[in-house]
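# Residue-level structure breakdown
For reference, the chains in residue letters:
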Amino acid sequence: MSKAILELRNVKTIVNKGTSNETTILKGINLTINEGDFITIVGTNGAGKSTLFNVIGGNLPADEGTILHNGKDITHESEEDRTSFLARVFQDPKLGTAPRMTVAENMLLATKRGEKRHLVMRKLKQNMARFTKLAATMNNGLEDRMTTATGALSGGQRQALSFLMATLKRPDILLLDEHTAALDPHTSLNLLHATNERITKDHLTALMITHHLEDALTYGNRLIVLKDGQIKADLNAAEKEKLTTDQLYTYFED
Amino acid sequence: MNLIVSSIGQGLLWALLGLGLYLTFRILDFCDMTVEGTFPLGAATAAAAIAHGMNPLLATLLAIVVGMIAGLITGLLYTKGKIPSLLAGILTMTAIYSVNLRIMGKSNVSLLGHNTLFSGDFMRSLPQYFDTVTMGMIVIAVVTILMMLFLATDYGQAFIATGDNTTMAKSLGIHTDKMINMGLMVSNGMVGLCGALVAQSNGYADVNMGIGTIVIALASIIIGEVAFGELTLNQRLVAVTLGSIIYRLILLAVLQLGFSANDLNLISSIVLAICMMIPQFEKVVNIRKPILKGVRPHE
């Protein structure tokens, strides 16, 4: 049995507390994420997928329950502190990169994810060759735009860069929040392939939210269906292998 | 000729204000009104300290520290108090007005007969107005080089990222609130220094000398950007100083047309308004974003 990296125990999240709009989004999530898990997460709008990521990432507090990282309680650790072991790629290409900084500068920022930054010279030139080589692995011409401000990149290149930045310094957990949803089908497929290759090759532990049931079945080695703030199904690799999109679809019904 | 030298000297001294505001307005994307109070605060602190017999260099350093405290207060109001950036600055700025009166004990303090940074033997040996030019060049060179070095460090890059994309900065573990507080402190420290130098150059500090300073600072930044176009970050810092000098020369030209010194704030605003409208036509600089951000609450 592989090691548990992250555990959620009976995690509940309530929004608009104390008002008439008070809603419980996560209704007691119990989830153990093991080393090497590549979990795809599906669920309807409002099922709590993004909230789950925000609670894991620390942007939203868990109102009840505990979150453990390698056995250590991190329920009240800040978003910034959690980045030492956790990396995210957002759905919106604008959120993942600094638009006025160059591709290389963005990558340099990401090499220090979760670390204290000091008053020492940044060493951009010394890292250039390594960054360019990494950018070339994305197969979308990013390596030719290393000194371009990221604001001038296409959405696909920006998301590829965000993904690279998230994995530049190996995270214990990688959160992918529909990171290809804003891209055209071809670009999206390209990035998904690159994502899958990197995660499988480096044995990264990752959670990927997707709205495409085929993608949820094609990628990853574990599948979770969220419904109404609860985990409706948690399928391992073998069960996932046998599942068809039609069967998966039935989880969304009733 | 004398008038032109004087304008260049003023441009150099006041460029500090533009450089200070550049850190917040351009890099942090934070419209900081505090400077309108920090500038006379620096002047009042240095002038009152010198009038009480303090060494002018120590008095100037004291003005920097006091300016940094003012910046920290605005920063805390914004990051911890969740007050919108524009309002946080206005609150501090308004409060400083009373503080300045307390520091000086009256509405102005004269430095006549006291030793200042401009009264050393070397400064006295220079031709008229060249003392300001010399002082301005030394201070601007040191400050600009320090800023260039700072922005090229790991810490400086994290600072730039905070202003450029706060969400991303946080997701990389950068403590953005600390960065904003630090930026406001450094920026207002520079503005305090500027106030202290201008007071010593003029020979007095006045409680009303802060009126219009934010417009002057913005004018330096915007004129530099409009005049020189696409530049690297380091070049932009130099452009601020050049913009500040150009602004003084524009004022000089306008005053030569027969306007009085009482019209200065009107002219300053018109000059800035015109400069800010040029990019509207050219679509070179997007100025709307930081200003809109200033009236929205902190996320």
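Residues numbered from 1 in each chain as written. Chains lettered and ligands numbered in written order. Predicted model: local features only at pLDDT ≥ 70, side-chain atom pairs only at ≥ 80, totals over all residues.

### Some details on the overall build of chain B
Looking only at helices and strands, chain B features 13 helices and two strands. At 19 Å, chain B has a C-alpha radius of gyration in line with the 19 Å of a compact globule built from 299 residues. In terms of overall dimensions, chain B has C-alpha extents of about 55 × 40 × 35 Å along its principal axes. The burial tally for chain B puts 52% of its 299 residues in the buried class. Restricting to contacts in chain B with at least 6 residues of sequence separation, those with at least 24 account for 80%. (Helix = DSSP H or I, 4+ residues; strand = E, 2+ residues; numbered from the N terminus. Rg over C-alpha atoms; globule rule 2.2 N^0.38 Å. Buried ≥ 20, exposed ≤ 12 C-beta atoms within 10 Å, placed from the backbone. Contact = placed C-beta atoms within 7 Å.)

### Re the nonpolar core
Counting 157 residues, the largest nonpolar core has Leu 16, Leu 17, Ala 46, Ala 47 and Cys 194 of chain B as the members making the most contacts within it. Those residues within four positions of Ala 47 of chain B in sequence are excluded, and the remaining contacts are Met 104, Val 109, Leu 111, Ala 199, Tyr 204 and Ala 205 of chain B. (Core = buried A, V, L, I, M, F, W, Y, C linked by C-beta atoms within 7 Å.)

### Quick word on helix H5 (residues 155-168) of chain A
Relative to the 20 Å expected for 14 residues at 1.5 Å per residue, H5 of chain A spans 20 Å between its end C-alpha atoms, a close match to the ideal helical length. Counting buried residues along H5 of chain A, 13 of its 14 residues qualify, which places the element largely inside the surrounding structure. (Expected span 1.5 Å × (residues − 1).)

### Overview of the interface of chain A and chain B
Taken together, the contact between chain A and chain B spans 26 residues of the former and 18 residues of the latter. Within the residue set of the side of chain A that touches chain B, elements represented by two or more residues are helix H2 (79-82) and helix H3 (103-111) of chain A. Sort the elements by how many residues they give to the side of chain A that touches chain B and H3 of chain A lands first, with four residues. When the residues that make up the side of chain A that touches chain B are grouped by side-chain class, the tally is ten nonpolar, six polar and ten charged. (Nonpolar A, V, L, I, M, F, W, Y, C, P; charged D, E, K, R; others polar.)

### Things to note about helix H2 (residues 35-51) of chain B
Residue and element names in this part refer to chain B. For H2, spanning 17 residues, the distance from its first C-alpha to its last is 24 Å, which sits close to the expected 24 Å at 1.5 Å a residue. Among the 17 residues of H2, 16 are classified as buried, and the element is accordingly described as predominantly covered. Phi turns positive one or two residues past the end of H2, at Gly 53, with a value near 95°.

### Some details on the sheet that holds strand E5 (residues 72-73) of chain A
Residue and element names in this part refer to chain A. Spatial strand order, E2-E1-E4-E5: four strands in an open sheet with antiparallel pairing. Edge positions in the sheet fall to strand E2 (23-34) and E5, since each has one partner strand and no second. Examined bridge by bridge, strand E4 (residues 64-69) and E5 share two bridges and lie antiparallel to one another. Bridge pairing in E5 links His 69 to Lys 72. Its contacts with the sheet put helix H1 (residues 49-57) on strand E1 (4-15) and E2, and the angle it makes with E2 is roughly 65°. (Pairing = 2+ DSSP bridges. Axes fitted to C-alpha atoms, helices over the stretch in contact; angles between N-to-C directions.)

### A word on the sheet that holds strand E6 (residues 86-89) of chain A
All names here are of chain A. As summarised here, the arrangement of the six strands in space is E6-E7-E8-E3-E9-E10, forming an open sheet in which the pairing is mixed. Two strands bound the open sheet, and with one partner strand each, they are E6 and strand E10 (230-236). Across this sheet, the average inter-strand angle for adjacent strands is 20°, counted without regard to direction. Where E6 lies against strand E7 (residues 173-177), four bridges are found, and the strand directions are parallel. Following the sheet pairing, Arg 88 is matched in E7 by Leu 175. Running at roughly 150° to E7, H1 makes contact with strand E3 (38-43), E6, E7, strand E8 (206-209) and strand E9 (222-227) of the sheet.

### Thoughts on the UniProt feature "transmembrane region" (unreviewed entry) in chain B
Feature annotation in UniProt assigns "transmembrane region" (unreviewed entry) to the following positions: residues 12-28, 57-78, 85-103, 133-152, 180-201, 207-228, 237-258 and 264-281 of chain B. The distance separating the terminal C-alpha atoms of residues 180-201 of chain B is 31 Å; by composition the span is 100% helix and 0% strand. (UniProt positions renumbered as here; feature names shortened; annotations may be inferred.)

### Observations regarding the pairing of E7 of chain A
Along any regular strand the residues' side chains alternate between the sheet's two faces. All names here are of chain A. Most of E7 sits out of view: five of its five residues are buried. Burial along E7 is two-sided: the residues Ile 173, Leu 175 and Asp 177 and Leu 174 and Leu 176 are all buried. Where E7 and E8 come together, four bridges link them in parallel fashion. Counted as the bridge partner of Leu 176 is Met 208 from E8. At this point the chain moves from E7, through helix H6 (residues 185-202), to the parallel E8, and the crossover so formed is right-handed. (Right-handed = clockwise from strand over helix to strand, strands pointing away.)

### Some remarks on the confidence of the model for chain B
Residue and element names in this part refer to chain B. Of the residues in chain B, 93% reach a pLDDT of 70 or more, and the chain-wide mean stands at 91. Averaged over each element, pLDDT in chain B is lowest for helix H13 (residues 288-294) (48) and highest for helix H3 (residues 56-79) (98). Segment residues 287-292: pLDDT under 50, and six contacts once partners within four positions in sequence are set aside and those in other chains are kept. Overall fold confidence (pTM) sits at 0.90, and the ipTM for the predicted complex is 0.91. (pLDDT = per-residue confidence, 0-100.)

### What to know about the UniProt feature "domain: ABC transporter" (unreviewed entry) in chain A
As recorded in UniProt, the sites labelled "domain: ABC transporter" (unreviewed entry) are residues 6-253 of chain A. What you have in residues 6-253 of chain A is 34% helix and 25% strand, and the ends, taken at the C-alpha atoms, are 29 Å apart.

### Concerning the pairing of E1 of chain A
All names here are of chain A. Alignment of E1 against E2, held across nine bridges, turns out to be antiparallel. Paired with Val 11 across the bridge in E2 is Ile 29. Relative to E4, E1 runs antiparallel, the two being bridged by five bridges. Residue pairing in the sheet places Lys 12 in a bridge with Glu 64 of E4.

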